[in-house]
Amino acid sequence: MSTSRKTGHLTRRQFVAAGALGSAAIATGCAPGKQGNWEQIQAMSRKRFGQDLELLSQPQQLAIVSELSEQDRTFFELVRDHTMEGYYGSPRHGGNRDAVSWRMLGLPEPPPLGRSQYDLGKGSPS
Amino acid sequence: MKRVNAVVIGAGAAGGIVAKELSVAGLSVVLLERGKWYTANDCHKDDLRNQRTTVLGNAFGPEDEGNPRVWVDAKGIARTVLPSEGSYQNNAACVGGGTLSYGAQAWRYLPQDFRMKSTYGAPAGSSLEDWPISYNDLEPFYEKAEYEIGISGDYSGTPFHGPRKRPLPMPPLPPGREFSILEPAAKRLGLHPFHIPMARNSVPYNGRGPCMRCRWCVGFACEVDAKNGSQNTVIPIALNTGNCELRTECMAKEILTDDRGRARGVSYFDENGHLQEQLSDIVIVSGCATESARLLLNSKSRLFPDGLGNRHDQVGRNLQGHHYTGAVGFFDFETYDDVGPGATIAISDYNHGTPGLCGGGMLANEFIRLPIHMIDRLPANTPRWGLGHKQAMRHWHKRTIVIMGPTQQIPTAEGRVTLDPTVKDKWGLPVVRFLGNVHPHTFEIGEVQAKRAQAWLKEAGAVDTSLMSYKAEMVSAGQHQAGTCRMGNDPQCSVVNKNCQIHDVDNLFVIDSSVHVTNGGFNPVLTIMAVAYFASDALVRNWKGTGFRS
């Protein structure tokens, strides 16, 4: 389960957090089957700050990520890569909601849409 | 099941052309493809699931489930790998093969590329050799491929390419911003920049419209069907003859032979997993370098105990792809225009002629980059995560240019495809086991190429650069895989003759990149296509109505 689904729409602060620390929620959003690792992060967060990662302040979140990077480099790199993939990847996977990262980069959103010969009967392009 | 004249195994770049040429000539053909038939509607524009970025799997096959391969690393440790992992060396598994989702650079090799051993001599430890055919032999078939598949571009800026009779059928796409930055810089360096030949419509061609220039190009099916592969050119023609039947999701098990040692057909698993036999007068293997070799090796019998075409232990050897190196340039102005396909400008000044180097390669700007491609291409000392990384992404994403190119590899006999003794795929067939590494001289050439890319970027005004140069830890194959069933005149050290016919089985052919003796310093697809036309031409000329006479 991804954080966005758990809490509804992410707040702006959570978006910032997602970019700043690489929200591990996004990692789970694009890596089904990694829930065990997500639980590991949440356990770390609850133990140190008493609540789930997405509810922490940004400095607290950063502290958790730094702790993770020192504790388990292999796992940290996995989370880091999945986070980047979620955040900069296609919005359909939940980690780049409303194409926030693409708009940050100044890429046109929505992107140009084309129509192939297979679409010609379908009316105007969406 | 009705006996046919020809079974073609694999509906990719080569198999599609062979099926078309034979069915147009009146032969009855069954075209087997292990993957599905996708259309333009399967583009999906998914940055994480396509044929180049496979975080969530390959968009166009094979699936991760049930299709493992094995590679043996330098320490001798065998690793089982999935199709979405880089070391799987995947191309694609679908109608069109790699040509459905490729970037579509459609290069002619240079005349010297067919005479590498004569030009340079074979470096120690290599299996460098000349092709048994020349550029001039292939020239008419390059032209046929350019016109039937549909190629845009303009070679007129380069003096290095071989003679040609007709220009490309379509002009290049209008230059993007990177072209306008890189072209004058190359000229200032005394180089000869020109428009990359592309299997992509720049104007309406073959009944389909032109490129709409979005950024979801390489790795994707084209949303407007402007990219030309076998799936939207030759295969529909083959089917329209009424002589060709395409069977998708059919996995070849082995090539069947009779007690005189001639091919009599193919056994395969159909889309429901049922074993079928298709008998035929001739069999053509077009499964791409890795899988074609695997099928021959898996076709064992009393007369061919080590697999077909493998009497002299040649099948699977000389596996080669391309060693890609280059540089990233960082600029203090915007270089990115979000206009696809992105790759537009190339030089072939460095393919040959550098003293001390056995060849070289083309250099070109990279295809348009998706944001995900940038995350590890930022300037040195950029934080790997957090706010610093994000700010760097924001600052540099539109201010970088990547120049890279395919260094022509020096083949070795030890870099090869074999069968794994234990691991099987979902059909119970032994899977590919990769052995060996890239010849060390290839790395030396690649390093020089990276510095040349860097120099071009600096001349273009890059304020900072980083080299993309590395030493691979395994044999190279991937989308440009080639070489495993070498074409040659000597049966002792090659697998097929110059007409792509297995030396000791006269009605069995391998027609795909497997037969490439060397792989040029260019994307190989147009050469695969030209060889397919060349071999089909010989095959049709030698066809005697009821059977093949060599």
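First, a word on scope: everything that follows refers to the structure included in this document. (Residues numbered from 1 in each chain as written. Chains lettered and ligands numbered in written order. Predicted model: local features only at pLDDT ≥ 70, side-chain atom pairs only at ≥ 80, totals over all residues. Heavy atoms only, no water.)

With that settled, consider the interface of chain B and chain A. Taken together, the contact pairs 35 residues of chain B with 37 residues of chain A. Broken down residue by residue, the surface that chain B buries against chain A is led by B:R384, B:W385 and B:K390, which jointly contribute 22%. Linking A:R80 and B:D376 is a salt bridge whose minimum nitrogen-to-oxygen distance equals 2.9 Å. Our count for the chain B to chain A interface comes out at seven residue pairs in polar contact (both at pLDDT 80 or more). Put simply, the parts of the chain that give the side of chain B that touches chain A at least two residues each are helix 7 (371-374) and helix 8 (386-396) of chain B. No other element matches the six residues that helix 8 of chain B contributes to the side of chain B that touches chain A. Split into classes, the residues belonging to the side of chain B that touches chain A amount to 15 nonpolar, seven polar and 13 charged. (Contact = heavy atoms within 4.5 Å. Buried area = accessible area lost by both parts, 1.4 Å probe. Salt bridge = Lys/Arg side-chain N within 4 Å of Asp/Glu carboxyl O. Polar contact = N/O pair within 3.5 Å; in protein donor to acceptor, adjacent residues only side chain to side chain. Helix = DSSP H or I, 4+ residues; strand = E, 2+ residues; numbered from the N terminus. Nonpolar A, V, L, I, M, F, W, Y, C, P; charged D, E, K, R; others polar.)

By size, the foremost hydrophobic cluster in this structure holds 106 residues, and its most contacted members are B:I9, B:I255, B:I284, B:L296 and B:L508. Sort the elements by how many residues they give to this core and helix 10 (residues 525-541) of chain B lands first, with 11 residues. In this view, B:I284 contacts B:A6, B:V7, B:V8, B:I9, B:V18, B:L22, B:F509, B:I511 and B:L539; residues no more than four positions away in its chain are not counted. Counting residues in hydrophobic clusters, the runner-up holds 28 residues, among them A:M84, B:C214, B:I372 and B:M404. (Core = buried A, V, L, I, M, F, W, Y, C linked by side-chain atoms within 4.5 Å. Buried < 20%, exposed > 50% of the residue type's maximum accessible area, 1.4 Å probe, protein only.)

Enumeration according to the criterion identifies 14 aromatic pairs over all chains in this entry. When the centroid spacing of 6.3 Å and the interplanar angle of 75° are considered together, the rings of B:W107 and B:Y155 count as edge-to-face. Here B:W107, found in the loop between strand 4 (78-81) and helix 2 (116-120), pairs with B:Y155, found in the loop between strand 5 (152-154) and helix 4 (177-188); they are 48 residues apart in sequence, far enough to count as distant. B:Y155 matches B:W107 in its accessibility class, with the two residues each being buried. Of the aromatic side chains, those joined through ring pairs into one cluster are B:W107, B:Y155, B:F194 and B:F522. Its end group placed over the ring of B:Y147, B:R166 keeps NZ or CZ at 3.7 Å from the ring centre. Note that B:R215 overlies the ring of A:W102, its terminal NZ or CZ placed 5.0 Å from the centroid. (Phe/Tyr/Trp six-rings, centres within 6.5 Å; stacked < 30°, edge-to-face > 60°. Lys NZ or Arg CZ within 6 Å of the ring centre and 35° of its normal.)

Once that is clear, we can look at the sheet that holds strand 15 (residues 416-424) of chain B. Residues and elements named next belong to chain B. What the four strands build is an open sheet, ordered 4-3-16-15; its pairing is mixed. Sheet topology places strand 4 and strand 15 at the edges, where each strand pairs with a single neighbour. In this sheet, adjacent strand axes meet at a mean angle of 35° when their direction is disregarded. Of the strand pairs in this sheet, strand 3 (residues 69-72) and strand 16 (residues 430-435) are connected by two bridges, and their pairing is parallel. Among the inter-strand pairings, V70 is bridged to a residue of strand 16, identified as R433. This element, helix 6 (residues 288-298), spans strand 3, strand 15 and strand 16 of the sheet and lies at about 60° to strand 15. (Pairing = 2+ DSSP bridges. Axes fitted to C-alpha atoms, helices over the stretch in contact; angles between N-to-C directions.)

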